[in-house]
Amino acid sequence: MSSNEKSFTLTDNSSGKSWELPVMHGTLGPDVIDVRKLYADTGCFTYDPGFTSTGSCESKITFIDGDEGVLLYRGYPIEQLAEKSDFMEVCYLLLYGNLPSAADKVKFEHDITYHTMVHEQMQTFLRGFRRDAHPMAVMCGMVGALSAFYHDSLDISNPKHRMVSSYRMIAKMPTIAALAYKYNLGQPYTYPKNKLRYAENFLHMMFSNPCEEYEMDPVLARAMDVILILHADHEQNASTSTVRLAGSSGANPFACIAAGVASLWGPAHGGANEAVLNMLEEIGDKKNVGKFVEKAKNKDDPFRLMGFGHRVYKNFDPRSRVMRTQCHKVLDALGVHDEPLLEIALELEKIALEDPYFIEKKLYPNVDFYSGIIFKAMGIPTTMFTALFAVARTVGWIAQWNEMIEDPSQKIGRPRQLFTGAEKRDYVDIKKR
Ligand code: SDX
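Rules behind the numbers
- Residues numbered from 1 in each chain as written.
- Predicted model: local features only at pLDDT ≥ 70, side-chain atom pairs only at ≥ 80, totals over all residues.
- Heavy atoms only, no water.
- Helix = DSSP H or I, 4+ residues; strand = E, 2+ residues; numbered from the N terminus.
- Buried < 20%, exposed > 50% of the residue type's maximum accessible area, 1.4 Å probe, protein only.
- Contact = heavy atoms within 4.5 Å.
- Lys, Arg positive; Asp, Glu negative; His and termini not counted.
- Salt bridge = Lys/Arg side-chain N within 4 Å of Asp/Glu carboxyl O.
- Polar contact = N/O pair within 3.5 Å; in protein donor to acceptor, adjacent residues only side chain to side chain.
- Pairing = 2+ DSSP bridges.
- Near = heavy atom within 4 Å.
- Areas by Shrake-Rupley, 256 points an atom, 1.4 Å probe, with all protein chains shown as cover.
- Nonpolar A, V, L, I, M, F, W, Y, C, P; charged D, E, K, R; others polar.
- Axes fitted to C-alpha atoms, helices over the stretch in contact; angles between N-to-C directions.
- Parallel < 35°, antiparallel > 145°, perpendicular 65-115°, else oblique.
- Left-handed = near helix turned anticlockwise from the far one by under 90°.
- Phe/Tyr/Trp six-rings, centres within 6.5 Å; stacked < 30°, edge-to-face > 60°.
- Core = buried A, V, L, I, M, F, W, Y, C linked by side-chain atoms within 4.5 Å.
- Patch = residues over 30% accessible without salt bridge, like charges linked within 9 Å, V, L, I, M, F, W, Y side chains within 5 Å.

1. Focus on the overall build of the chain
Point 1. In terms of regular secondary structure, the chain is built from 18 helices and 6 strands.
Point 2. The principal-axis extent of the C-alpha atoms belonging to the chain is close to 80 × 65 × 60 Å.
Point 3. Across the 433 residues in the chain, those meeting the buried criterion constitute 47%.
Point 4. Look at the contacts in the chain between residues 6 or more apart in sequence, and 71% of them connect residues 24 or more apart.

2. Focus: the side chain of K182
Point 1. With respect to the element layout, K182 can be found in helix 7 (residues 159–185).
Point 2. Here K182 occupies a buried position and makes no salt bridge, while the nearest side chain of opposite charge, E212, is found at 9.1 Å.
Point 3. A distance of 3.1 Å separates the side chain of K182 from the backbone oxygen of M206, its partner in a polar contact.

3. What to know about the sheet that holds strand 3 (residues 32–33)
Point 1. Read from one edge to the other, the open sheet built from 3 strands follows the order 1-2-3, with strand pairing classed as antiparallel. Edge positions in the sheet fall to strand 1 (7–11) and strand 3, since each of these pairs with one other strand and no more.
Point 2. Here strand 2 (residues 18–24) runs beside strand 3; their pairing, made up of 2 bridges, is antiparallel. Bridge pairing links V23 to I33 in strand 3.

4. Side note on the sheet that holds strand 5 (residues 70–73)
Point 1. Sheet architecture is open: 3 strands sit in the order 4-5-6, paired in antiparallel fashion. Edge strands, defined here as strands with exactly one partner in the open sheet, are strand 4 (62–65) and strand 6 (76–77).
Point 2. With 4 bridges connecting them, strand 4 and strand 5 associate as antiparallel partners. Looking at the pairing, T62 lines up with Y73 of strand 5.

5. Here's the deal with the site of the ligand
Point 1. Residues in close proximity to the ligand total 24 residues, the closest being H234, H310, R311, R319 and R393.
Point 2. In the environment of the ligand, an oxygen atom lies 2.6 Å from a nitrogen or oxygen atom belonging to the side chain of H234.
Point 3. Between R393 and the ligand, the recorded distance is 2.8 Å, taken from a side-chain N or O atom to an oxygen atom.
Point 4. Expressed as a share of its isolated accessible area of 1,000 Å², the protein-covered part of the ligand is 77%.
Point 5. When its residues are assigned to classes, the shell around the ligand shows 10 nonpolar, 7 polar and 7 charged.

6. So, the pairing of strand 2
Point 1. When strand 1 meets strand 2, the two strands line up antiparallel, connected through 5 bridges. When the sheet's bridge partners are listed, F8 is paired in strand 2 with L21.
Point 2. Between strand 1 and strand 2, which pair antiparallel one after the other, the connecting turn spans 6 residues, and G16 there sits at a positive phi close to 85 degrees.

7. Quick notes on the packing of helix 9 (residues 218–230) against helix 18 (residues 385–406)
Point 1. Contact geometry for helix 9 and helix 18: axes closest at 8 Å, N-to-C directions at 65 degrees. The orientation of helix 9 with respect to helix 18, classified from their angle, is roughly perpendicular. As helix 9 runs across helix 18, the sense of the crossing is right-handed. Between helix 9 and helix 18, the contacting residues are M224, I227 and L228 on the first element and L388, V391 and A392 on the second.
Point 2. Looking at side-chain class alone, the contact of helix 9 with helix 18 contains 6 nonpolar, no polar and no charged residues.

8. Considerations on the packing of aromatic side chains
Point 1. A full pass over the atoms with the stated rule returns 17 aromatic pairs.
Point 2. Both rings, one in Y92 and one in Y96, keep their centres 4.6 Å apart while their planes meet at 40 degrees; by these two values the pair is tilted. One end of the pair, Y92, and the other, Y96, are both in helix 3 (residues 87–96), 4 residues apart, so they sit about a helical turn from each other.
Point 3. With a relative accessible area of 36%, Y96 lands in the partly exposed category.
Point 4. Arranged with centres 6.5 Å apart and planes meeting at 85 degrees, the rings of Y96 and F108 form a pair that is edge-to-face. Of this pair, Y96 sits in helix 3 while F108 sits in helix 4 (residues 102–113), and the two are 12 residues apart along the sequence.

9. Description of the nonpolar core
What tends to happen in soluble globular proteins is that the nonpolar side chains get buried as a cluster.
Point 1. Counting residues in each nonpolar core, the largest one holds 118 residues, and the members touching the most others are Y73, M139, L305 and L348.
Point 2. With 14 residues, the top contributor of residues to this core is helix 18.
Point 3. In this structure L305 touches M279, F292, V293, A296, L348, A352 and F358, once residues within four positions along its chain are discounted.

10. Some words on a nonpolar patch on the surface
Point 1. A contiguous nonpolar patch, built from F8, I33 and V35 and spanning about 240 Å² of accessible area, is present on the exposed surface.
Point 2. As for its placement among the helices and strands, I33 is situated in strand 3.

11. Re helix 8 (residues 198–207)
Point 1. Burial within helix 8 is extensive, with 8 of its 10 residues counted as buried.
Point 2. Looking only at helix 8, the buried set comprises Y198, A199, N201, F202, L203, H204, M205 and M206.
Point 3. Residues of helix 8 that are buried make contact with helix 3, helix 4, helix 7, helix 9 and helix 18.

See below:
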């Protein structure tokens, strides 16, 4: 980050006073106006609910160009990583900033693999949930509970503790997600197998059972690996910002990740993949697509096209293109040639992209638009879609949390407000009201 002579002048037109606001430049993307002294100098706050124009931090991890539809993890384009890398290598890249050597990759994957088990007592938490509990409710509870088991790695000022907790989180999320799924089904829980790679282990824990050998389909294993890569990190989205804010108070990493899981659950964010599938099923047939597109354009109708639009992307979400390709690969591998939901999705995408409303508002399919179709084809139930997103995003949350803790300028996040409530008034005894 650099700041040179470029600045903005702020002038109070009533008093004529002016202030110089320095501009800071990154390596890519928009400059930022440094307003850290604004309140002290002017007595005014900035006002930006939803943070549409606010940079909350400096980061070196993920870059997004919304207009060009670009997504880089530590400088590497998501399309290249999805084609040539694997999720463990991407985890290493996001955590350490560079691609690993062959030896580093082997060691990293080994260390993660040997943290995949969860404490046996974690299973007792499940008994407290109803069998039909939403997996994200279980994930919120179980991830937060991890801080009750790992007291040896909660000192966030200790880099070794932070890395141990980081590895534990990345390693245990698939196990916890699979636990939640098996509990929902009433099936016995499957332990992780150290001979399996991360995505294979996750599929094995989700779909194997004691009554028969689980046949690993390499196409599905690769599809899962790519899906995890696509969902790994995404700059300062709602759940990552939640993790950073929770972490800024010094909360332990497991509690911060639990906060991220909670934020991701919302249908406007990670819950959209589940909402997309429910929407496609509600549309029911290609011939109904036009009616739903009209509903989405109707200001008086709260309905929105789930899987469309994005705060940052005003072009195609590059992840949705990769996801669409994976969708065709998985359906072909499974011999599914007439998936009605895919037909509806393709028709919806075609109509929406030609519609002036969507063109004018720059609404394109986002990462969630196709993911649900792949997940359903892979046998993953709709209620598990966001849990899968959480498994993938944990490495992004953890990488951003570490970056925040290591930032020397880091301080507790404490936004202010524009107060429009009652002015000071005296208490009135109930007899006089
Ligand atoms: C993710 O931030 C991230 O990076 C998130 C994510 C990640 O990897 O972490 O990319 C993952 O969350 C993807 C987004 C998944 N959510 C959905 O698919 C839900 C449907 N999309 C919308 O709810 C919406 O597009 C958001 C929430 C994604 C973005 O909302 P914004 O940026 O706050 O935009 P907005 O609500 O101000 O919308 C701008 C205009 C509005 O119309 P006007 O008020 O200007 O007339 O576009 C309209 C909106 O009504 N609009 C839509 C729409 N999305 C926006 N109209 C119909 N259908 C939609 N999906």
